[in-house]
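Here's the letter readout for the chains.
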Amino acid sequence: MARRQSNSTWPDPTPEAEPLACALCQRETPALTQHHLMPVLAGRRKGMKVQDLPTVGLCSACHGYVHSTFSNADLAGPYSSLEALQEHEGVIKFVKWVKKQPVSKSVKVK
């Protein structure tokens, strides 16, 4: 009868990636989308390269809400920073609501 090899030839399991936190709602999610704080078109008009535009990681619910609520002109102007977005009354209400929702739930944004 043959002996079993004591050392396994299988690769070590890779550790699971740590959940990422959304910049607006702070919920932990397995994936984030990159939101350009300065819209790409507005940045190009100012002579900036796309890779040089500032971005933040948002969950899909928050990212959808931001783009359904604000126009590109708003995002290029008064709401071109994360702090300005966080201070907007509508965003505050949405974040308060979305924090109660599980990340696995698909959130529809009007």
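These remarks concern the structure in this document. Here the structure is a predicted model, which is why all the values come from computation and not from measurement.

So, about the packing of helix H2 (residues 60-69) against helix H5 (residues 89-98). One can describe the packing of H2 onto H5 by two numbers: an axis separation of 11 Å at closest approach and a directional angle of 155°. Taken together, the axes of H2 and H5 lie roughly antiparallel to each other. The handedness of the crossing between H2 and H5 comes out as right-handed. Residues Ala61, Cys62 and Tyr65 of H2 form the contact with H5, whose own contacting residues are Gly90, Val91, Phe94 and Val98.

Applying the stated criterion across every chain, the model contains zero disulfides. No disulfide involves Cys22; its sulfur sits 3.7 Å from that of Cys25, the nearest cysteine.

With that settled, consider the packing of aromatic side chains. One pass over the full model with this rule turns up three aromatic pairs. Both rings, one in Tyr65 and one in Phe94, keep their centres 4.3 Å apart while their planes meet at 5°; by these two values the pair is stacked. Here the residue Tyr65 occupies a position in helix H2, and Phe94 occupies one in helix H5, the gap between them amounting to 29 residues. Between the aromatic rings of Phe70 and Tyr79, the centroid separation amounts to 4.7 Å while the plane-to-plane angle is 40°, which identifies the pairing as tilted.

Summed over the entire model, instances satisfying the criterion amount to one salt bridge. Across the pair Lys93 and Glu89 runs a salt bridge, and its minimum N-O distance is 3.5 Å. Here Glu89 and Lys93 lie together in helix H5, a separation of four residues that amounts to about one turn. Taking the relative accessible area as the measure of exposure, Glu89 reaches 54% and is therefore exposed.

Parameters at a glance
Residues numbered from 1 in each chain as written. Predicted model: local features only at pLDDT ≥ 70, side-chain atom pairs only at ≥ 80, totals over all residues. Heavy atoms only, no water. Axes fitted to C-alpha atoms, helices over the stretch in contact; angles between N-to-C directions. Helix = DSSP H or I, 4+ residues; strand = E, 2+ residues; numbered from the N terminus. Parallel < 35°, antiparallel > 145°, perpendicular 65-115°, else oblique. Left-handed = near helix turned anticlockwise from the far one by under 90°. Contact = heavy atoms within 4.5 Å. Disulfide = S-S within 2.5 Å. Phe/Tyr/Trp six-rings, centres within 6.5 Å; stacked < 30°, edge-to-face > 60°. Salt bridge = Lys/Arg side-chain N within 4 Å of Asp/Glu carboxyl O. Buried < 20%, exposed > 50% of the residue type's maximum accessible area, 1.4 Å probe, protein only.

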